[in-house]
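The lines below spell out each chain.
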Amino acid sequence: MPVLLRASLRYLARHQWQSWLSVIGIALGVAVVVAVDVANQSARQAFQLSLERIAGRATHQIESATGTIPEALYVRLRLEGGLRPAAPVIEGTVRIAGRTFTLLGIDPFASLPFQQGGVGVDPTSVTRLLTRPGGLLLGETDAGELGVEAGTALTLKAGGHAREATLAGIVRGEDRASLDGLAITDIASAQELLGRLGTIDRIDLILIDGQATSLEKRLPPGLMLVSAQRRSQALSQMTRAFHTNLTAMSLLALFVGGFIIYNTMTFAVLRRRPLLGTLRTLGVTRAGLFRLVLLEALAFSLIGTLIGVAAGIAAGWGLLQLVARTINDLYFALTVSELFLSPWALIKGGGLGVLVTLLAALGPAVEAATAQPRDVLRRNRIEQQGKRALPWLSLFGIGLMLAGLAVVQIPSRSVAVGFVALFLVMIGFSLCVPLVLRGLVSFLTPLLGRIAGPQGQLAARGITASISRTGIAVAALTVAVSATVGVGIMIDSFRGSVASWLQSTLRSDLYVSAPSSPAGGEGVSLPPGIGRAIREIPEVAETSMGRSARVEATSGQVALLALESSSQSHRGFRFRGDGADELWPRFEAGELILISEPYAYHQGLGTGERVTLLTTQGWRDFEIGGLFLDYGSDSGMLVLQRAAYARLWKDPGVSTIGVVLAADAPIGDALERIRRVAANYDTAIQVRANRTIREQSLEIFDRTFLITRVLRLLAVGVAFVGVLSALLALQMERAREYAILRATGVTRGQLLRLILLQTSLMGLAAGLLALPLGWIMGDLLIQVINLRSFGWTMEMTLAGTVPLTGLAIAWAAAVLAGLYPAYKVARTDPAAALRAE
């Protein structure tokens, strides 16, 4: 083995480009996996820290059906019910200097048993917190980034109002990240800042075994006892599918990287056929050659993995910002200030890099070990064996695709099973690519001869003559581009469905609403009387009113819209399946509730079944009248008649008013009149046209899928390295052929055009083959992955730009990858190439 290793090192040193491209291919694949894992883990860690810092050591929480608990009730439960330890809490989202913070209102004395260790506040700061109106405590990191210190005046925005606050002090802790994005205040100050005088949000408790059951029986109607663990799991479940989809996209890049390794190791074996044959005739065993190839692959994998892990950590921060922004747009406010480097994430990324490399090298290693010396010494023997294996490889690939499609038919809601089916189809299709490429290029060879002359024929025959390398390179590019096409089809279909849904849902001409929280939470109430004032405007024909709230179901919290309909409101609902008999009369009477498609899917509910909600009068069942399409939330939404909601939840407030204008009323005049009415109230009120809402919603949609576009482009980047590696391999192996062409009169320019024509053919072939695979992937993403992840259904649409973009990407990647090998071949001295041979 020492002799073999020295020979291997000399070979690798003479072909550094090929070796480094292999390392880069592994590094890119590992980097994407590590970056996504680090971003996901950091987001989860920040979320977990936010739960821990807010809930502290609480084991249970008392919550209300209305979302608020009268503070007098808390006093009665504490004094008469003997709740010990118990602490009132108010929680809200505010903005300070353009940044989002979670405002946590606590009773400093009642909360002492709930505080986590390792957090320190000096006594002076506590005194200022209790004695100064609007006193806040900020973490050390946040205070430093805002450039403030104790005693600094702050302007805080909450619920559309600007409030004056003061930094009472700075909280210091062993884990700074646990305090990021948190503003702590006294509960009385929180009530004033958030406009919740006389109420609290929940009561934190520390209970031991047996106490929870006893307390739950003694709670008055409208209150419920929830374990802190259950609430944490419910919130974590909201983003689980999102994180799963990111992980699958990162594995795609590593999967494409496996093609590069296979291509590289195959070329390493083919390039050294004479040497390997000589070694076999001198007595080197098959096991020795097998170990040599795997050791080379292991060396590549270790170097590439180390580089990939380092690059993944560096890229993880940028990816984390995209993940955090998406979570803020869709789910809840999340502040992430540092990367969480989980050892498991680094080990997993590195381990996958090594495993994929060794698996990709198994084929070439077996080929080197099993070939007879006389066969290895023949220049074209392995290529001929590879061509004979193509039909069998394709049959195996067809079997894998059929297996993937069969997996889809298994009755399951598992997202992981859906991704297994997707990857089986991708692997199976990629195994068929070399044979299809060979047939396609052979079919086009006469046509290319007529179009481009001998150069066209030489370019085509060069691809088929080296199908073992060109086939793998084209397969890698096909898979990467098909991911771009498939995800593009899914995004376009999704965007079209959302645009159509917005068009049908937003039936009113104008919408008046209270400002929502920066995290996209529920809005505060509009001022009383504003609805009547709007209806008195001459251009207004009628209005609808809605109240957004979060209510407690047996499955956890769910968004609810209490709707007072206009004549246009019913047209905004698009139902999936049949609705209940006399749907709208019974809905207006408060007898039926409507549920969104995602909620129905996740909870396994249908029309005619019942959903149980916690009201101020206790738990109550509602009959489901219909399942409506909704893309506003993947966790689901319920719709109930507003009068019924106000009666059962003691909440007469209104957060949104839909304004329907008269047929001939100018929308600009009406918009201006309503804004003048809104200006008369001492609160921030948003007045927007439905067109503006649609544009803003689609802008958030596009921002949400930015991270997906980044990941699929990275997969194309990995494939680009694979094509470049294959072309450099071809250039080195066919140096004698190119030298003969030069010696017989072919100019450098003609040789350059020959190679670029060959790479163009490879790119176009990859683009064409990527289209059917991309269409299959898009269909699986829409009908299986998306449905199981989020509960949304949509119609598949194929925009003309998606396949054209896929073709353009494949062609551009192949041509750009061919520039350097073509330049190098054109500059090679033919005499030197012939002498080297």
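Every residue gets a number counted from 1 within its own chain, in the order that chain's sequence is written. It should be noted that, the model being predicted, local features are given only for residues of pLDDT at least 70 and side-chain atom pairs only at 80 or more, the latter also being counted only at that level, while totals for whole chains, interfaces and linings use all residues. Based on all heavy atoms of the structure, the side-chain values leave hydrogens and waters out of the count.

1. Topic: the overall build of the protein
Phase 1: Helices and strands together make up the secondary structure of the protein, namely 27 helices and 21 strands.
Phase 2: In the protein, the proportion of contacts linking residues at least 24 apart, taken out of those at least 6 apart, comes to 81%.
Phase 3: Summed over all atoms, the accessible surface of the protein reaches about 35,200 Å², with 59% contributed by carbon and sulfur. By the criteria applied, helices consist of DSSP H or I runs no shorter than four residues and strands consist of E runs no shorter than two, each listed in order from the N terminus. What makes two residues a contact is simply this: any of their non-hydrogen atoms within 4.5 Å. Values of accessible area rely on a 1.4 Å probe in the Shrake-Rupley scheme; residue burial ignores everything except the protein chains shown.

2. With respect to a nonpolar patch on the surface
Phase 1: Taken together, the side chains of Trp-20, Ile-24, Leu-28, Ile-303 and Ile-307 make up a nonpolar region of the molecular surface, amounting to roughly 420 Å² of accessible area.
Phase 2: At the level of elements, helix 2 (16–55) and helix 10 (286–330) are the ones that each hand at least two residues to the nonpolar patch.
Phase 3: Among the elements that make up the nonpolar patch, the one with the highest residue count is helix 2 (three residues).
Phase 4: Overall, the relative accessible area of 39% leaves Ile-307 in the partly exposed class. Note that patches include only residues with greater than 30% relative accessible area and no salt bridge, and the join distances are 9 Å for like charges and 5 Å for nonpolar side chains (Val, Leu, Ile, Met, Phe, Trp, Tyr). We count a salt bridge whenever a side-chain nitrogen from Lys or Arg sits within 4 Å of a carboxyl oxygen from Asp or Glu. Relative accessibility under 20% of the residue-type maximum defines a buried residue, over 50% an exposed one, and the middle range a partly exposed one, all with a 1.4 Å probe and only protein chains included.

3. Some words on the nonpolar core
Phase 1: Throughout, nonpolar core names a set of buried Ala, Val, Leu, Ile, Met, Phe, Trp, Tyr and Cys residues whose side chains join them through atoms within 4.5 Å. Of all hydrophobic cores here, the largest spans 70 residues; its most connected members are Met-490, Phe-494 and Val-498.
Phase 2: Elements represented by at least two residues in this core include exactly helix 13 (381–408), helix 14 (415–452), helix 15 (454–465), helix 16 (467–505), helix 22 (690–704), helix 25 (748–790) and helix 26 (801–827).
Phase 3: Once residues lying within four places of it in the same chain are set aside, the contact partners of Phe-494 are Tyr-631, Phe-701, Phe-705, Asn-786, Trp-792 and Met-794.
Phase 4: Among the nonpolar cores identified, the runner-up in size contains 38 residues, and Ala-87, Leu-138, Val-148 and Leu-219 belong to it.

4. Quick notes on the environment of Leu-563
Phase 1: Relative to the assigned elements, Leu-563 resides in strand 15 (residues 556–564).
Phase 2: The spatial distance from the C-alpha of Leu-563 to the C-alpha of Tyr-645 is 8.8 Å, given a sequence separation of 82 residues.
Phase 3: Other than its neighbours up to four places away in sequence, Leu-563 contacts Met-545, Ser-569, Phe-573, Val-639, Leu-640, Gln-641 and Arg-642.

5. Considering the side chain of Arg-642
Phase 1: With respect to the element layout, Arg-642 can be found in helix 20 (residues 642–649).
Phase 2: Relative accessible area serves as the criterion here: at 15%, Arg-642 is assigned to the buried category.
Phase 3: Residues in contact with Arg-642, not counting those within four places in the same chain, are Met-545, Ala-562, Leu-563, Glu-564, Pro-652, Gly-653 and Val-654.

6. Quick look at the packing of helix 14 against helix 15
Phase 1: Taken N-terminus to C-terminus, the directions of helix 14 and helix 15 make an angle of 170 degrees; their axes are 7 Å apart at the nearest point. As judged from the angle between their axes, helix 14 and helix 15 are roughly antiparallel. Here Leu-437, Arg-438, Val-441, Ser-442, Thr-445, Leu-448, Gly-449 and Ala-452 of helix 14 come into contact with helix 15, specifically with Pro-454, Gln-455, Gly-456, Gln-457, Ala-460, Arg-461, Ile-463 and Thr-464.
Phase 2: Note on residue classes: Ala, Val, Leu, Ile, Met, Phe, Trp, Tyr, Cys and Pro are nonpolar, Asp, Glu, Lys and Arg are charged, and everything else, Gly too, is polar. Residue classes in the contact of helix 14 with helix 15 are distributed as seven nonpolar, seven polar and two charged. Note on geometry: axes are lines fitted to C-alpha atoms, helical ones only across the stretch in contact, with angles between N-to-C directions running from 0 to 180 degrees. In what follows, roughly perpendicular refers to angles from 65 to 115 degrees, roughly parallel to angles under 35, roughly antiparallel to angles over 145, and oblique to any angle outside these ranges.

7. Overview of unusual backbone geometry
Phase 1: Despite not being glycine, Glu-582 has its phi angle at roughly 50 degrees, a positive value.
Phase 2: With respect to the secondary-structure elements, Glu-582 resides in the loop between strand 15 and helix 18 (583–588).
Phase 3: Residue Glu-582 is classed as exposed on the basis of its relative accessible area, which comes to 60%.
Phase 4: In this structure, Lys-650 is a non-glycine residue whose phi angle is positive, near 55 degrees.
Phase 5: Relative to the elements of secondary structure, Lys-650 occurs in the loop between helix 20 and strand 20 (656–661).

8. Description of helix 14
Phase 1: Two axes enter the definition of the bend at a residue: one is fitted to the seven residues ending there, the other to the seven starting there, and the bend is the angle between them. In helix 14, a bend of some 40 degrees at Thr-445 exceeds every other bend along the element, and Pro-446, a proline, comes one to four places later.
Phase 2: Any N or O atom pair separated by 3.5 Å or less is treated as a polar contact, with the protein-specific requirement of one donor-capable and one acceptor-capable atom, and with residues adjacent in sequence counted only for side-chain atom pairs. The N-capping residue of helix 14, defined by a side-chain oxygen 3.2 Å from the backbone nitrogen of Val-417, is Ser-414.
Phase 3: Once helix 14 ends, the next one or two residues include Gly-453, with phi positive near 75 degrees.

9. Description of the packing of aromatic side chains
Phase 1: Here the aromatic set is Phe, Tyr and Trp, taking the six-membered ring for Trp, and pairing holds for ring centres within 6.5 Å; pairs whose planes are under 30 degrees apart are stacked, those over 60 apart are edge-to-face, and all others are tilted. Per the stated rule, a full pass over the model turns up 11 aromatic pairs.
Phase 2: Between Phe-573 and Trp-584 the ring centres are 5.5 Å apart and the planes differ by 50 degrees, which places this aromatic pair in the tilted class. With Phe-573 in the loop between strand 15 and helix 18 and Trp-584 in helix 18, this pair connects stretches of sequence that are 11 residues apart. You'll find Phe-573 and Trp-584 in the same group, each marked buried.
Phase 3: In this structure an aromatic cluster arises from ring pairing among Phe-573, Phe-575, Trp-584, Phe-587 and Phe-628.

10. Comments concerning the confidence of the model for the protein
Phase 1: What pLDDT conveys is the predictor's confidence in a given residue, as a value from 0 to 100. Put simply, the protein has an average pLDDT of 79, and 80% of its residues get 70 or more.
Phase 2: In the predicted structure, residues 517–522 sits below a pLDDT of 50 and forms 16 contacts with residues beyond four places in sequence or in another chain.

11. Some thoughts on the pairing of strand 3 (residues 86–96)
Phase 1: Judged by how many residues are buried, strand 3 sits mostly within the fold: eight of 11 residues are covered.
Phase 2: Whether two strands pair comes down to DSSP finding at least two bridges between them. Where strand 3 meets strand 11 (residues 202–205), four bridges bridge the pair, whose relative direction is antiparallel. Across the sheet, Pro-88 pairs through a bridge with Ile-203, a residue of strand 11.
Phase 3: The hairpin turn running from strand 3 into strand 4 (residues 99–106), its antiparallel successor, is two residues long, and Ala-97 in that turn takes a positive phi close to 55 degrees.
Phase 4: With two bridges connecting them, strand 3 and strand 7 (residues 153–158) associate as antiparallel partners. Looking across to strand 7, one finds that Arg-95 is bridged to Lys-157.

12. Observations regarding the pairing of strand 11
Phase 1: Both faces of strand 11 are covered, namely the face carrying Arg-202 and Asp-204 and the face carrying Ile-203 and Leu-205.
Phase 2: In the sheet, strand 1 (residues 60–64) pairs with strand 11 via three bridges, with the strands oriented antiparallel. Looking across to strand 11, one finds that Gln-61 is bridged to Asp-204.

13. Some details on the pattern of salt bridges
Phase 1: The full count for this structure, using the stated rule, is 13 salt bridges.
Phase 2: For Asp-142, the salt bridge goes to Arg-99, with nearest N and O atoms at 2.9 Å. With Asp-142 in helix 5 (residues 140–146) and Arg-99 in strand 4, this residue pair connects regions lying 43 residues apart in the sequence.
Phase 3: Classification of Asp-142 by relative accessible area gives buried; the value is 1%.
Phase 4: When the shortest N-O distance is used, the salt bridge between Arg-576 and Glu-597 registers 3.4 Å. Placement of Arg-576 in the loop between strand 15 and helix 18 and of Glu-597 in helix 19 (residues 597–603) is noted, with a sequence separation of 21 residues between them.

14. A short note on the environment of Thr-464
Phase 1: With respect to the secondary-structure elements, Thr-464 resides in helix 15.
Phase 2: Not counting chain neighbours up to four residues away, the residues in contact with Thr-464 comprise Lys-387, Arg-438, Val-441 and Ser-442.
Phase 3: At 3.0 Å, the side chain of Thr-464 forms a polar contact with the backbone oxygen of Arg-461.

15. Overview of the side chain of Ser-301
Phase 1: With respect to the helices, strands and loops of the structure, Ser-301 is situated in helix 10.
Phase 2: Under the relative-accessibility criterion, Ser-301 is labelled buried at 0%.
Phase 3: A distance of 2.7 Å separates a polar atom in the side chain of Ser-301 from the backbone oxygen of Leu-298.
Phase 4: With residues up to four places along the chain from it excluded, the contact list for Ser-301 reads Ile-26, Gly-353, Val-354 and Thr-357.

16. Observations concerning the packing of helix 16 against helix 25
Phase 1: Running from N to C, helix 16 and helix 25 cross one another at 45 degrees; their axes reach a closest spacing of 5 Å. As far as their axial angle goes, helix 25 and helix 16 are oblique. By crossing handedness, the relation of helix 16 to helix 25 is classed as right-handed.
Phase 2: Each residue belonging to the contact of helix 16 with helix 25 can be placed in one class, and the counts come to 21 nonpolar, nine polar and no charged. In this scheme the crossing of two helices becomes right-handed for a clockwise turn of the near helix relative to the far one and left-handed for an anticlockwise turn of less than a right angle.

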